Amino acid sequence: MENKKENKSNNRSFLLYVGLGLLIFFGVQQYNSTVNSPESKSFTIFKNDIQSGNVSEATIKEQSNLVEFKLNNDDTIYQTEYPEGFEGEVFQLLVDQDIILNTDTEPAGFQDYFFAFLPWLFLAAFMFYMFSQVRSNGNQIMQFGKSKAKELDEDCRSWSK
């Protein structure tokens, strides 16, 4: 009987450490992608940079309305968001100025979907934890109304049952 309880607590501890390890791993991945993310510029500035010949290379992101681009003599990657329906105009602007054009056709990866559902996973795990705590206590949580009041001893120095 006691072996089963120790085994359950060891499994819970192991799962807790695995969960924390995964959380730290994905947190570091998210931090790295945030730090290395491109700088944002407005679409108007992007158009002006194209027309003045400052853009050397551009990548059109297929899954979103984003264009990542590099300026001449600058290794910094910039990004801009173009309005919905302007894909043709952006493409034509880049082709007319003979800018090296790349397309990113890769769909969102597992990590993107995982981070989108992470708050729901935390909520589900918290509810599972709470329900398992209630079930393991054998309804002792709701016994607060049946406790007996303590009475004062005759000499008023100590409490007794």
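Everything that follows concerns the structure shown earlier in this document.
Notes on the structure follow. The model shown is predicted, which means the values in this text are computed figures rather than measured ones.

1. Remarks on the pattern of salt bridges
Inspection of the entire model under this criterion finds 3 salt bridges. Taking the shortest distance from any N to any O, the salt bridge between Glu-89 and Lys-47 comes out at 3.5 Å. Of this pair, Glu-89 sits in helix H3 (residues 87–96) while Lys-47 is found in helix H2 (residues 43–51), placing the two residues 42 residues apart along the sequence.

2. Quick notes on the sheet that holds strand E1 (residues 39–40)
Pairing within the open sheet is mixed, and its 5 strands lie in the order E1-E4-E3-E2-E5. Of all strands in the sheet, those with a lone pairing partner are E1 and strand E5 (100–104), marking the two edges. Judged from the 2 bridges that link them, E1 and strand E4 (residues 77–81) form a sheet pairing that is parallel. Its bridge partner lying in E4, Ser-40 is registered against Gln-79. Where H2 meets the sheet, it contacts strand E2 (55–61), strand E3 (66–71) and E4, and its direction lies at approximately 45° from that of E3.

3. Concerning H2
When H2 is considered as a whole, its buried residues turn out to be Phe-43, Phe-46, Asp-49 and Ile-50. The buried residues of H2 occupy one face: seen down the axis, they fall within an arc of 120°. In this fold, the buried residues of H2 make contact with E2, E3, E4 and H3. At the exit of H2 stands Gly-53, carrying a positive phi of roughly 85°.

4. Notes on a nonpolar patch on the surface
Taken together, the side chains of Tyr-113, Phe-117, Trp-120, Leu-121, Leu-123, Phe-126, Met-127, Tyr-129, Met-130 and Phe-131 present a nonpolar region at the surface, about 1100 Å² in accessible area. Looking at the secondary structure, you find Phe-131 in helix H4 (residues 110–136). Overall, the relative accessible area of 56% leaves Phe-131 in the exposed class.

5. Describing the packing of H2 against H3
In the contact formed by H2 and H3, the axes pass within 10 Å of each other and the chain directions differ by 25°. One element, H2, and the other, H3, form an angle in the roughly parallel class. Here H2 runs over H3; the crossing is left-handed. Of the residues in H3, those touching H2 at Phe-43, Phe-46, Lys-47, Ile-50 and Gln-51 are Glu-89, Val-90, Leu-93 and Leu-94. Looking at side-chain class alone, the contact of H2 with H3 contains 6 nonpolar, 1 polar and 2 charged residues.

6. Digging into the environment of Gly-53
Locating Gly-53 in the fold gives a position in the loop between H2 and E2. The class for Gly-53 is partly exposed, based on a relative accessible area of 36%. C-alpha of Gly-53 to C-alpha of Ile-99: the two residues are 46 residues apart in sequence and 8.8 Å apart in space.

Cut-offs and rules
- Residues numbered from 1 in each chain as written.
- Predicted model: local features only at pLDDT ≥ 70, side-chain atom pairs only at ≥ 80, totals over all residues.
- Heavy atoms only, no water.
- Salt bridge = Lys/Arg side-chain N within 4 Å of Asp/Glu carboxyl O.
- Helix = DSSP H or I, 4+ residues; strand = E, 2+ residues; numbered from the N terminus.
- Pairing = 2+ DSSP bridges.
- Contact = heavy atoms within 4.5 Å.
- Axes fitted to C-alpha atoms, helices over the stretch in contact; angles between N-to-C directions.
- Buried < 20%, exposed > 50% of the residue type's maximum accessible area, 1.4 Å probe, protein only.
- Arc of directions from axis to C-beta.
- Patch = residues over 30% accessible without salt bridge, like charges linked within 9 Å, V, L, I, M, F, W, Y side chains within 5 Å.
- Areas by Shrake-Rupley, 256 points an atom, 1.4 Å probe, with all protein chains shown as cover.
- Parallel < 35°, antiparallel > 145°, perpendicular 65-115°, else oblique.
- Left-handed = near helix turned anticlockwise from the far one by under 90°.
- Nonpolar A, V, L, I, M, F, W, Y, C, P; charged D, E, K, R; others polar.

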